[in-house]
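One-letter residues, chain by chain:
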Amino acid sequence: MSLARRSEHVGQQISIAAKVFSDGTLLPRIDVLALQEADKCTARSGGHHVAKELAEQMNVNWTHEPAGIPNVPPAKRQWWLDFEEPIDMRDSGDTGVALLSRLPLADVTRIDLPWHECPWRPRLAMAATISVGPQQLRLFNAHIDPHAAINGQLEQLEVVAAQAEATTMPAIILGDFNTLSRQKCIDTRKFLESQGYTTPYPTGTATWRGGGLRMHADWIFVRGVKIERWGVARPLNVSDHWPIWAEIVF
């Protein structure tokens, strides 16, 4: 799509997403929404601050952690990693991770992840404490590097898991883990289950599509709470990822 029409198109997609996340038809009405690759006023987002505008249309609280794009030119990689439109290093915008919530958010923490294979794109996660009446839980929203081999991906998840281990609250680790092979799915699941987490998603559940492929990139893992219902919000096509959702009970 030409940049001339980008702003209008992205604005329409934000409005569609806000309606679907709020009206409870395609998936339950969202209380907490975790975004990855949440662009802030980049050329590729048509100048939109995605998290802010989505939160305003949903009438919810929001917080955004910018990645901080370094002065390093993007490099060509394997074809399946080049679907993402790169952010030019001269672009004044940024990307990052974000949390939108109808519930109170506290103790929002940025978590910088070790990244080696993709120097033009820092990898990060964020954490926040969410209050549900008298109950609290700690939520971790991560965007794992698709360029890394499984050892590099697990190195990033180990940082997130260590942060979660430091809390006595129930914990949720979720996000785009970029497990773009069955073996990465298996190894990622095995690691988080070894840390005491569970997920209802069968290994191989399609959450991302591109170039005719469907892969299991996105996950929700929980510890200390129970998932009663879960799903993938197909056919919501505002992203190359389909949103995944879960209903949590203490």
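Keep in mind the model is a prediction, meaning the values are calculated, not measured.

Cut-offs used in this document
- Residues numbered from 1 in each chain as written.
- Predicted model: local features only at pLDDT ≥ 70, side-chain atom pairs only at ≥ 80, totals over all residues.
- Heavy atoms only, no water.
- Helix = DSSP H or I, 4+ residues; strand = E, 2+ residues; numbered from the N terminus.
- Buried < 20%, exposed > 50% of the residue type's maximum accessible area, 1.4 Å probe, protein only.
- Contact = heavy atoms within 4.5 Å.
- Areas by Shrake-Rupley, 256 points an atom, 1.4 Å probe, with all protein chains shown as cover.
- Lys, Arg positive; Asp, Glu negative; His and termini not counted.
- Charge placed at Lys NZ, Arg CZ, Asp CG, Glu CD.
- Salt bridge = Lys/Arg side-chain N within 4 Å of Asp/Glu carboxyl O.
- Arc of directions from axis to C-beta.
- Pairing = 2+ DSSP bridges.
- Axes fitted to C-alpha atoms, helices over the stretch in contact; angles between N-to-C directions.
- Phe/Tyr/Trp six-rings, centres within 6.5 Å; stacked < 30°, edge-to-face > 60°.

Visitor: How should I be thinking about the overall build of the protein chain in this particular structure?
Guide: Looking only at helices and strands, the protein chain has 4 helices and 12 strands in total. Based on the C-alpha atoms only, the size of the protein chain along its principal axes is roughly 50 × 40 × 35 Å. In the protein chain, which comprises 250 residues, the share counted as buried stands at 50%. Across the protein chain, contacts joining residues at least 24 apart in sequence account for 68% of those joining residues at least 6 apart. Put simply, the protein chain shows about 11,600 Å² of open surface, and 52% of that area lies on carbon and sulfur atoms. The distance from the centre of the 25 positive side-chain charges to the centre of the 28 negative ones in the protein chain is 4 Å.

Visitor: I would appreciate a short explanation of the side chain of Asn178 in the present structure.
Guide: Residue placement: Asn178 occurs in the loop between β7 (171-176) and α4 (182-194). Classification of Asn178 by relative accessible area gives buried; the value is 7%. Excluding anything up to four places from it in sequence, Asn178 contacts His143, Ile144, Asp145, Pro146, Gln153, Lys184 and Ala217.

Visitor: Would you mind showing me how to read unusual backbone geometry here?
Guide: Residues Arg234 and Pro235 are joined by a peptide bond in cis, for which omega reads 10°. The topology assignment puts Pro235 in the loop between β11 (226-232) and β12 (244-249). Residues other than glycine seldom take positive phi values, yet Cys41 does so here, at roughly 60°.

Visitor: Please clarify how the pattern of salt bridges should be interpreted in this entry.
Guide: The tally for this structure, following the rule as stated, stands at 12 salt bridges. The partner of Asp88 in a salt bridge is Arg90, and the shortest N-O contact between them spans 2.9 Å. Under the relative-accessibility criterion, Asp88 is labelled partly exposed at 35%. Through salt bridges with shared partners, a single ionic network connects Glu37, Asp39 and Arg44.

Visitor: Hey, could you run me through helix α2 (residues 50-58) in this one?
Guide: At 3.6 residues per turn, the α-helix brings residues three or four places apart onto the same side. Within α2, the full set of buried residues consists of Val50, Ala51, Leu54, Ala55 and Met58. Burial along α2 is one-sided: seen end-on, the buried residues are contained in an arc of 120°. Where α2 terminates, the next one or two residues include Asn59, which has phi positive at roughly 60°.

Visitor: Where do I start with the sheet that holds strand β1 (residues 32-35) in this structure?
Guide: Picture the strands of a sheet paired through backbone hydrogen bonds; they go either parallel or antiparallel. An order of β1-β3-β2 is seen for the 3 strands of this open sheet, with the pairing classed as antiparallel. Edge positions in the open sheet fall to β1 and β2 (61-66), since each of these has one partner strand only. Strand-to-strand, the axes of this sheet are offset by a mean angle of 10°, without reference to chain direction. As paired elements, β1 and strand β3 (residues 96-101) share 4 bridges and run antiparallel to each other. Across the sheet, residue Leu33 finds its bridge partner in β3, namely Leu100.

Visitor: I would appreciate a short explanation of the environment of Ala206 in the present structure.
Guide: By the element assignment, Ala206 lies in the loop between α4 and β8 (208-210). Judged by its relative accessible area of 12%, Ala206 is buried. Sequence separation between Ala206 and Ile244 is 38 residues; the distance between their C-alpha atoms is 9.9 Å. Apart from the residues within four sequence positions on either side, Ala206 is in contact with Arg214, Met215, Val232, Arg234 and Trp242.

Visitor: Explain the pairing of strand β5 (residues 124-132) to me, please; I cannot follow it from the model alone.
Guide: Sheet faces and side chains relate simply in a regular strand, where the side chains alternate between the two faces. Taken across its 9 residues, β5 has 8 buried, putting it largely inside the fold. One ladder, built from 6 bridges, connects strand β4 (residues 105-112) with β5; its direction is antiparallel. If you follow Leu105 over to β5, its bridge partner there is Ile130. Once β5 ends, the chain turns through 2 residues before running back antiparallel as strand β6 (residues 135-143), passing Gly133 with a positive phi of about 60°.

Visitor: Would you take a moment to explain the packing of aromatic side chains for this structure?
Guide: Centre-to-centre distance and the angle between the planes together describe a pair of aromatic rings. Following the criterion strictly, the structure yields 3 aromatic pairs and no others. Here Phe177 and Phe221 contribute two aromatic rings whose centre-to-centre distance is 6.2 Å and whose plane-to-plane angle is 5°, an arrangement assigned as stacked. Of this pair, Phe177 sits in the loop between β7 and α4 while Phe221 is found in strand β10 (residues 218-223), placing the two residues 44 residues apart along the sequence. Overall, the relative accessible area of 1% leaves Phe177 in the buried class.

These results come straight from atomic positions and should not be treated as a statement about function.
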